[in-house]
Amino acid sequence: MKPSGAARDRLGESRLVGVDVARCLALLGMVATHVLVTREADGQLSLAHALAGGRASALFAVLAGVSIALLTGAGTPVRGRERAARSAGLVARALLVGLLGLMLAALDSGLAIILTYYAVLFVLALPFLGLGARRLFLLAAGWAVLAPVASQWLRPMLPERGYASPSFEQLRDPGGLLSELLLTGYYPALPWLTYLLLGLAIGRLDLRNRVVTGWLAALGAALAVVASALSDVLTSREDVTRALLADPPPLGSASSGPELLELLRAGMYGTTPDSSWAWLLVRAPHSATPFDLVQTAGSAMLVLGGCLLLAAALPVLGRRALAVLFGAGTITLTLYSLHVAMRSELLWPAEEPGSFRSHVLVLGAVGALYAARGIRGPLESAAGAVAGAAAAAVRALPARSARRGHEVGERGYVPGMDTGKNDDSQGQVSEVASMAHAGEEIDPSDAVAGAPDHSSGEDRADEGTQGPDAPPRHGVPEESNESSR
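Residues numbered from 1 in each chain as written. Predicted model: local features only at pLDDT ≥ 70, side-chain atom pairs only at ≥ 80, totals over all residues. Heavy atoms only, no water.

**Some remarks on the overall build of the chain**
Helix and strand counts for the chain stand at 18 helices and zero strands. Split into buried and exposed, the 485 residues of the chain put 57% on the buried side. When contacts within the chain are restricted to residue pairs at least 6 apart in sequence, those whose partners lie at least 24 apart make up 77%. (Helix = DSSP H or I, 4+ residues; strand = E, 2+ residues; numbered from the N terminus. Buried < 20%, exposed > 50% of the residue type's maximum accessible area, 1.4 Å probe, protein only. Contact = heavy atoms within 4.5 Å.)

Next comes the structure, spelled out in structure tokens:
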């Protein structure tokens, strides 16, 4: 007798375990940048920030796109009524995640919470759910260039960011809140849509094919190296250096181009100064420039491809052990929220670099327990219930007349219970985006984090042990990763 779908998930046989591993690494990277020092005593950038700064949150955003793609049909996007149902579930999930982000922002954690930005990203993904991999890859490439240019042009016309994280207080100023979420905040959704589009494209591929995942890792490595090298060459030019030094961000004093670029290695606060187009040439973490987006996106592809190759190379027992060991990657929405609470005065441990070990042990143990038992985290379950109810409501809508149904079907929206060809793709979707049938989906809340603010005043996010001028910290929501079988 074959095990049930839930039992197979518990054993790690139907899930893409490599996606869970990548998500767990992103969570740990986020924790490291939140807790560990940014620079060593000699002034050198710490290893944790050199590896994870800007990359952990980007990886989560890419994985969110992968989750949404798997949720909406993997290689064959769902159509008609089923696409509408899953889209409704995604919107419901976004509302819950956004609300949770506002609640976490009320805690005195010293972090800029990313969940509200991710909620916006989920909604922005809706128009692209019917596209295939090739178009999505092209869109992601174009978006990585055009969105930062649009941001640099539009931001001078928008109000300055005045909050460490999107908050309930900002609901009284919806226009200011929207501009912060889309363009001026820590994780500006319009440039960051690059990551989600890339993740959607990746999720439309056959991620169980080792050739595909090998190319994914190799291409990611090449993109990261080329983007970094090209940015370094361009920013070393004297005219570019002068433009950057004319309006440096509040990261510290620098009297020369190399000194400024060294300061930028620690990260920025979501955007660059808008005084010069030369800022689009830098690759600083959390700067949302074309070079930052391409470099971090390439790193995400490398990590994801490597994790998928590792999981595929292991025997069944090895994959099961890997699934438990990196089980934190299956409930990242819950564990990110727990991490934020642990950074506040509500929970142990105290804020100090040595607390990194405590965070890792707690999050790792909780994740392993849930993975071994094959169950969702509490926040993932709540998100799944809300999304499932919204999707069910759309599926229950009465079908239109046969004639009207034919006309609508010609435009690609077929009425009735069109469940698509990929219902079984729901398994590997994280708790923030999945909207497969209630009780079956694994959702996509794949990325959340916090980063510091570049605004002046006391509302700036405190970067833990580094103080208000420390580089950005990132975060993560939960995961999603079942493949179509």
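**Here's the deal with empty space enclosed by the protein**
What the rule picks out here adds up to four cavities of 30 Å³ or more. Reported here for the largest cavity is a volume of approximately 60 Å³. Taken together, 14 residues line the largest cavity, and the ones lying closest to its centre are Pro 148, Ser 151, Arg 155, Ser 287 and Ala 288. The dominant element in the lining of the largest cavity, judged by the number of residues it contributes, is helix 7 (residues 133-154), at three residues. In terms of residue class, the lining of the largest cavity is made up of six nonpolar, seven polar and one charged. (1 Å grid on protein atoms, 1.4 Å probe; cavity = no way out; pocket = protein on both sides within 12 Å on 5 of 7 lines; lining within 4 Å. Points joined across faces, edges and corners; volume = space filled by probe spheres on them. Nonpolar A, V, L, I, M, F, W, Y, C, P; charged D, E, K, R; others polar.)

**As for the environment of Ala 227**
Positionally, Ala 227 belongs in helix 10 (residues 210-235). Distance from Ala 227 to Thr 296, taken between C-alpha atoms, is 9.2 Å for residues 69 residues apart in sequence. Ala 227 has contacts with Phe 291, Val 294 and Gln 295, leaving out every residue within four places of it along the chain.

**Re helix 8 (residues 174-184)**
Along helix 8, eight of the 11 residues are buried, which leaves the element largely enclosed by surrounding structure. Within helix 8, the full set of buried residues consists of Gly 176, Leu 177, Ser 179, Glu 180, Leu 181, Leu 182, Leu 183 and Thr 184. Those residues of helix 8 that are buried lie in contact with helix 6 (115-124), helix 7 and helix 9 (189-203).

**Considering the environment of Gly 220**
Tracing the backbone shows Gly 220 in helix 10. For the pair Gly 220 and Gly 298, spaced 78 residues apart in sequence, the C-alpha to C-alpha distance is 3.8 Å. Contacts of Gly 220, omitting those with residues within four sequence positions, involve Gly 298, Ser 299, Met 301 and Leu 302.

**Overview of the state of the cysteines**
On inspection of all chains with the given rule, the structure shows zero disulfides. Looking at Cys 24, it has no disulfide partner, and the nearest cysteine sulfur is the one in Cys 307, 9.3 Å off. Taking the relative accessible area as the measure of exposure, Cys 24 reaches 5% and is therefore buried. (Disulfide = S-S within 2.5 Å.)

**As for the nonpolar core**
As a rule of thumb, soluble globular proteins bury nonpolar side chains together. Judged by nonpolar contacts, the single largest core of 96 residues is most densely connected at Ile 202 and Leu 304. The greatest single-element share of this core, amounting to 11 residues, is contributed by helix 4 (residues 55-71). For Ile 202, the residues in contact, after removing those within four places along its chain, are Val 62, Val 66, Phe 137, Leu 207, Leu 216, Met 301 and Leu 304. (Core = buried A, V, L, I, M, F, W, Y, C linked by side-chain atoms within 4.5 Å.)

**A short note on the pattern of salt bridges**
Evaluation of the coordinates by the stated rule reveals 10 salt bridges. The shortest N-O distance in the salt bridge between Arg 39 and Glu 262 comes to 3.0 Å. In this pair, Arg 39 is assigned in the loop between helix 2 (17-35) and helix 3 (47-52) and Glu 262 in helix 12 (residues 257-264), connecting sequence segments 223 residues apart. Notably, a salt bridge pairs Arg 283 with Asp 232, separated by 3.0 Å at the nearest N-O pair. (Salt bridge = Lys/Arg side-chain N within 4 Å of Asp/Glu carboxyl O.)

**Section: helix 11 (residues 238-246)**
Looking at helix 11, one finds that the buried residues are Val 240, Thr 241 and Leu 244. The buried residues of helix 11 occupy an angular sector of 100 degrees when the element is viewed end-on, so they sit on one face. Opposite the buried face of helix 11, at more than 90 degrees from it, the exposed residues are Glu 238, Arg 242 and Ala 246. On its buried face, helix 11 sits against helix 10 and helix 12. (Arc of directions from axis to C-beta.)

**Comments concerning the packing of helix 5 (residues 80-105) against helix 6**
Look at helix 5 against helix 6: their axes get within 7 Å of each other, and the N-to-C directions meet at 165 degrees. Regarding the angle of helix 5 to helix 6, the classification is roughly antiparallel. Viewed along their axes, helix 5 and helix 6 form a crossing whose handedness is left-handed. Of the residues in helix 6, those touching helix 5 at Leu 90, Ala 94, Val 97, Gly 98, Leu 100, Gly 101, Leu 102 and Leu 104 are Leu 115, Thr 116, Ala 119, Phe 122 and Val 123. A per-class count over the contact of helix 5 with helix 6 returns 10 nonpolar, three polar and no charged. (Axes fitted to C-alpha atoms, helices over the stretch in contact; angles between N-to-C directions. Parallel < 35°, antiparallel > 145°, perpendicular 65-115°, else oblique. Left-handed = near helix turned anticlockwise from the far one by under 90°.)

**Focus on the packing of helix 10 against helix 13 (residues 290-313)**
Direction vectors running N to C along helix 10 and helix 13 enclose 155 degrees, while the axes themselves pass 7 Å from each other. Judged by the angle between their axes, helix 10 and helix 13 are roughly antiparallel. Handedness of the helix 10/helix 13 crossing: left-handed. Of the residues assigned to the contact of helix 10 with helix 13, the class counts are 18 nonpolar, 10 polar and one charged.

Just geometry here; none of it tells us what the structure is for.
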